[in-house]
Amino acid sequence: MVTHCRLRGLLLLLGAVAVAVAASHPANNEFCAATGGGGAGYGCGSGGGGDVARILIKGGTVVNAHRAEEADVYIEDGFVVAVRPNIPVGDDNVKVIDATGKYVMPGGIDPHTHLEMEFMGTVTIDDFFSGHAAALAGGTTMHIDFVIPVNGNLTAGLESYKQKAEKSAMDYGFHMAITKWNDDVSREMESMVKEHGINSFKFFMAYKGSLMVTDDLLLQGLQKCKSLGALAMVHAENGDAVAEGQQRMIDLGITGPEGHALSRPPVLEGEATARAIRLAKFVNTPLYVVHVMSIDAMEEIAKAKREGQRVIGEPVVSGLVLDDSWLWDPDFTIASKYVMSPPIREAGNNKALQAALSSGILQLVGTDHCTFNSTQKAFGFDDFRKIPNGVNGIEERMHIVWDSMVVS
Ligand code: URP
Ligand code: ZN
Ligand code: ZN
């Protein structure tokens, strides 16, 4: 993952105001030194303030990982300088934002997105501007997207994603997908880590005929990740069996979105998760399993962790709160919205994934934000295999997790 910092973090006032700030914390008393410091307030006239941007967020409930507290937040030039109750203001150079009755929290990081991604014969509809606007509206201030190589070439892929990201409005980073294997790819992986700061690589075990890799490639990739100290990530579904399952559905005359779920059941996610975990164990390298959607996959991760293996499991908001009943909606436009891979599972999987997240079996929440409009989804009107796979979430992630797992 390489990061590109436009802002240095963000505090969000839920429901009202978003303010760009940073997380560093210089010693408090240096800020009023010119006026004698002591008990004086911040922004206390040390020569007019010039172009120093000062913001005081007053009266909110500051939420951090360790606790929530009633406190003000004082920010200078994008850095959080102080968090404590009743911070006095010294002069008019401070912009005061009233956060009474609101939560003030650090901006979130979405570790899994696909903005302007070429996929299944089309391109995701949110780009690095509209996706960022949505993210910021929902309190996410950074995301990590997946660079897709161009014809297997990593450098060309990175160049293409840098161009896409020129319209960015917030912080972002890159993982990189590995879709082919040869000596050039091996060398390029090294260059990505050492020269470009990209140190997480995703291997798709599904999407036969396009992004899917064989076990042979996965093994080479895991070994390369180990030698580089990079993190291997997997989309864990058995792509060969998925292709078989899809054909079965078509042969049965099932062509609608429900065929998507029926053709790639949890057992195929569980099998691939177990296989990837065992190969990572064989290579002795950590593994990150993206979009864990089923109890089957989650239990493989739990078992490996119990045995001391380093496996990171990432649920996504759709998997945490939705269920597959949407895929049976008789209205194609509705049902097709919920087509993603691995599929959104039967009710019960969502609550189990929430419990696993609460207890630390799963570690962090992404979205797999990969949006297509209804015209694009309609490419698969007669054949679910052609419905572009992907759902939204970059805007909703934080408030959905807050609402379903904290407030409730
Ligand atoms: O359906 C999905 N998940 N679309 C995005 C590509 C991927 O597999 O992450
Ligand atoms: Zn995937
Ligand atoms: Zn994805």
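Rules behind the numbers
- Residues numbered from 1 in each chain as written.
- Chains lettered and ligands numbered in written order.
- Predicted model: local features only at pLDDT ≥ 70, side-chain atom pairs only at ≥ 80, totals over all residues.
- Heavy atoms only, no water.
- Axes fitted to C-alpha atoms, helices over the stretch in contact; angles between N-to-C directions.
- Helix = DSSP H or I, 4+ residues; strand = E, 2+ residues; numbered from the N terminus.
- Parallel < 35°, antiparallel > 145°, perpendicular 65-115°, else oblique.
- Left-handed = near helix turned anticlockwise from the far one by under 90°.
- Contact = heavy atoms within 4.5 Å.
- Nonpolar A, V, L, I, M, F, W, Y, C, P; charged D, E, K, R; others polar.
- Near = heavy atom within 4 Å.
- Polar contact = N/O pair within 3.5 Å; in protein donor to acceptor, adjacent residues only side chain to side chain.
- Donors = N, O, S within 2.8 Å, 3.2 Å for Na, K, Ca; no water.
- Buried < 20%, exposed > 50% of the residue type's maximum accessible area, 1.4 Å probe, protein only.
- Tetrahedral: all angles 85-135°; square planar, octahedral: opposite > 155°, others 65-115°.
- Expected span 1.5 Å × (residues − 1).
- Arc of directions from axis to C-beta.
- Phe/Tyr/Trp six-rings, centres within 6.5 Å; stacked < 30°, edge-to-face > 60°.
- Lys NZ or Arg CZ within 6 Å of the ring centre and 35° of its normal.
- Salt bridge = Lys/Arg side-chain N within 4 Å of Asp/Glu carboxyl O.

For the protein chain, an unreviewed UniProt entry supplies the name dihydropyrimidinase and the organism Zizania palustris.

*Asks:* Please explain the packing of helix H7 (residues 266-283) against helix H8 (residues 295-306) as it appears in this structure.
*Replies:* Each packed pair of helices is defined by two parameters, the angle between the axes and the distance between the axes. With their axes 7 Å apart at the nearest point, H7 and H8 run at an angle of 25 degrees to one another. The angle between H7 and H8 places the two elements in the roughly parallel class. Every pair of crossing elements has a handedness; the one defined by H7 and H8 is right-handed. On H8, the residues touching Pro266, Val267, Glu269, Gly270, Thr273, Ala274, Ile277 and Arg278 of H7 are Asp296, Ala297, Glu300, Ile301, Lys303 and Ala304. Its residues assigned to classes, the contact of H7 with H8 comprises 7 nonpolar, 2 polar and 5 charged.

*Asks:* Explanation requested: the site of ligand 1 in the structure shown.
*Replies:* Around ligand 1 sit 14 residues, and of these Lys202, Tyr207, His235, Ser341 and Asp368 come closest. Taking His114, its side chain carries an N or O atom lying 3.0 Å from an oxygen atom of ligand 1. Residue classes in the shell around ligand 1 are distributed as 5 nonpolar, 7 polar and 2 charged.

*Asks:* What is the right way to look at the coordination of the zinc ion (ligand 2) in this model?
*Replies:* Donor atoms from the polypeptide that coordinate the zinc ion (ligand 2) comprise Lys202 (NZ), His235 (ND1) and His291 (NE2), at 2.1 to 2.6 Å from the metal. Counting along the primary sequence, the residues that act as donors to the zinc ion (ligand 2) give the motif K-x32-H-x55-H. The two metals, the zinc ion (ligand 2) and the zinc ion (ligand 3), are separated by 3.8 Å. Taken together, the residues span a long stretch of sequence, with Lys202 in strand E14 (residues 200-204) and His235 in strand E15 (residues 231-235) at a distance of 33 residues. On the basis of relative accessible area, Lys202 is assigned to the buried category, the value being 1%. For His235, a relative accessible area of 0% puts it in the buried group.

*Asks:* I tried to follow the coordination of the zinc ion (ligand 3) on my own but got confused; where do I start?
*Replies:* When a metal holds four donors in a tetrahedron, each ideal angle between them is 109.5 degrees; when it holds six in an octahedron, the ideal angles are 90 or 180 degrees. Those donors, His112 (NE2), His114 (NE2) and Asp368 (OD), are the protein atoms that reach the zinc ion (ligand 3), and they lie 1.9 to 2.1 Å from it. Around the zinc ion (ligand 3) sit 4 donor atoms; with metal-centred angles ranging over 88 to 141 degrees, the donor geometry is irregular. Between the donor residues of the zinc ion (ligand 3), the gaps in sequence give the motif H-x1-H-x253-D. For His114, a relative accessible area of 4% puts it in the buried group. Judged by its relative accessible area of 7%, Asp368 is buried.

*Asks:* Where do I start with helix H4 (residues 215-228) in this structure?
*Replies:* Side chains that are three or four residues apart share a direction in an α-helix, a result of its 3.6 residues per turn. For H4, spanning 14 residues, the distance from its first C-alpha to its last is 20 Å, which sits close to the expected 20 Å at 1.5 Å a residue. Buried residues of H4: Leu217, Leu218, Gly221, Leu222, Lys224, Cys225 and Leu228, and no others. All buried residues of H4 project into a common sector of 165 degrees when viewed along the axis, lining one side. Residues of H4 that are exposed and angled more than 90 degrees away from the buried face: Asp216 and Ser227. Summarising the contacts, the buried residues of H4 are in contact with helix H3 (183-196), E14, E15, H7 and strand E16 (287-289). Backbone geometry just after H4 places Gly229 at a positive phi near 70 degrees.

*Asks:* Mind showing me how you'd approach helix H2 (residues 154-164) here?
*Replies:* Residues Leu154, Gly157, Leu158, Tyr161 and Lys164 constitute the buried set of H2. Here the buried residues of H2 occupy an arc of 115 degrees about the axis, which is enough to place them on one side. Among the structural elements, strand E10 (118-119), strand E12 (140-147), strand E13 (171-177) and H3 are those in contact with the buried residues of H2. Backbone nitrogen of Thr155 and a side-chain oxygen of the N-cap are separated by 3.1 Å at the start of H2; the cap is Asn153.

*Asks:* Please explain the packing of aromatic side chains as it appears in this structure.
*Replies:* We describe a pair of aromatic rings using the distance from one ring centre to the other and the angle between the two ring planes. Evaluated as defined, the whole model comprises 9 aromatic pairs. Geometrically, the ring pair formed by Tyr161 and Phe174 is edge-to-face, given 6.1 Å between the ring centres and 85 degrees between the ring planes. Of this pair, Tyr161 sits in helix H2 while Phe174 is found in strand E13, placing the two residues 13 residues apart along the sequence. The exposure classification of Tyr161 matches that of Phe174, with both residues buried. Taken together, the ring pairs connect Phe128, Tyr161, Tyr172 and Phe174 into an aromatic cluster. The ring of Tyr161 carries the charged tip of Lys164 above its face, separated from the ring centre by 4.6 Å.

*Asks:* What is the right way to read the pattern of salt bridges from this model?
*Replies:* When charged atoms on two side chains of opposite charge get close, those side chains can pair. One pass over the full model with this rule turns up 17 salt bridges. A salt bridge links Glu76 to Arg54; the nearest nitrogen and oxygen atoms lie 3.1 Å apart. With Glu76 in strand E5 (residues 68-76) and Arg54 in strand E4 (residues 54-63), this pair connects stretches of sequence that are 22 residues apart. Two residues, Glu300 and Arg278, come together in a salt bridge whose shortest N-O distance is 3.8 Å.

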